[in-house]
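In case you want the letters, here they are:
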Amino acid sequence: MAAARASLEQVLTPEAYVNLDALEDRLLGGCQDVIDRYGLPGYSVGIGAKGCVTFSPERIVDYESFKENQDEELSQLSWLYNMNRGVYMTPGREEEWTLSVAHTTEDCDAFVAAFDEMASDLTA
């Protein structure tokens, strides 16, 4: 109980949540910029500390549209590019990142840089 209380009162402070929101915005904006610059079929989406790039030419609105429209090969390639560049992600199409209070702007920039490298290689 003491550890849970300390986490809520000393780690997950209002300032920590402001920082998480800023990091999420940095990731979402950086990834969307890459998508737009390279014309990739997809968009970035997130809420709170969770987010992803959805490789789909159409907006995903439910599980059925998720199964029908998302590019599984491109999702797997993105995962592989990140892993090979030291960005460890949850495998699979459903999730790309979950931020923590330990993440930094440099971590976000490394993620976006790996994504940019992949987009550049795909469109070269």
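Calculation notes
- Residues numbered from 1 in each chain as written.
- Predicted model: local features only at pLDDT ≥ 70, side-chain atom pairs only at ≥ 80, totals over all residues.
- Heavy atoms only, no water.
- 1 Å grid on protein atoms, 1.4 Å probe; cavity = no way out; pocket = protein on both sides within 12 Å on 5 of 7 lines; lining within 4 Å.
- Points joined across faces, edges and corners; volume = space filled by probe spheres on them.
- Helix = DSSP H or I, 4+ residues; strand = E, 2+ residues; numbered from the N terminus.
- Buried < 20%, exposed > 50% of the residue type's maximum accessible area, 1.4 Å probe, protein only.
- Contact = heavy atoms within 4.5 Å.
- Pairing = 2+ DSSP bridges.
- Axes fitted to C-alpha atoms, helices over the stretch in contact; angles between N-to-C directions.
- Parallel < 35°, antiparallel > 145°, perpendicular 65-115°, else oblique.
- Left-handed = near helix turned anticlockwise from the far one by under 90°.
- Nonpolar A, V, L, I, M, F, W, Y, C, P; charged D, E, K, R; others polar.
- Salt bridge = Lys/Arg side-chain N within 4 Å of Asp/Glu carboxyl O.

Before going further, it helps to examine the layout of surface pockets. Within this model, the largest pocket holds a volume of roughly 240 Å³. Of all elements in the fold, only strand S3 (97-98) and helix H5 (105-123) reach the threshold of two or more residues within the lining of the largest pocket. When residues of the lining of the largest pocket are assigned to their parent elements, the largest contribution, three residues, is made by H5.

Summarising the element assignment, Thr-54 is placed in strand S2 (residues 50-54). Residue classification places Thr-54 among the buried residues on the basis of a relative accessible area of 6%. Once residues within four sequence positions are removed from consideration, Thr-54 is found in contact with Pro-41, Gly-42, Tyr-43, Val-45, Ile-60 and Gln-70.

Topologically, Asn-84 is positioned in the loop between helix H4 (72-83) and S3. Under the relative-accessibility criterion, Asn-84 is labelled exposed at 57%. Between the C-alpha atom of Asn-84 and that of Pro-14, which follows or precedes it by 70 residues, the distance is 34 Å.

Moving on: the pairing of strand S1 (residues 43-47). As paired strands, S1 and S2 are joined by five bridges and run antiparallel to one another. By the bridge assignment, Tyr-43 is partnered in S2 with Thr-54. The antiparallel pairing of S1 with S2 creates a hairpin that spans two residues between the two strands, and Gly-48 there sits at a positive phi of about 60 degrees.

Attention shifts here to the packing of helix H2 (residues 14-38) against H5. When two helices pack together, their arrangement is captured by the angle between the axes and the distance separating the axes. Contact pair H2 / H5: the axes reach a minimum separation of 9 Å and the direction vectors enclose 15 degrees. The orientation of H2 relative to H5 falls into the category roughly parallel. Of the two elements, H2 crosses H5, and the hand of that crossing is right-handed. Across from Leu-23, Arg-26, Leu-27, Gly-30, Cys-31, Val-34, Ile-35, Arg-37 and Tyr-38 in H2, the residues of H5 making contact are Thr-105, Cys-108, Asp-109, Phe-111, Val-112, Phe-115, Asp-116, Ala-119, Ser-120 and Thr-123. The residue inventory of the contact of H2 with H5, partitioned by class, reads eleven nonpolar, four polar and four charged.

Under the defined criterion, the tally for this structure stands at six salt bridges. Measuring nitrogen to oxygen at the nearest pair gives 2.9 Å for the salt bridge that ties Arg-37 to Asp-33. With Arg-37 and Asp-33 both in helix H2 and four residues apart, this pair spans about one turn of that helix. The residue Glu-117 makes a salt bridge to Arg-85 at a minimum N-O spacing of 2.9 Å. Of this pair, Glu-117 sits in helix H5 while Arg-85 sits in the loop between H4 and S3; the two residues are 32 residues apart in sequence, bridging distant segments of the chain. Accessibility expressed as a relative area gives 35% for Glu-117, which makes it partly exposed.

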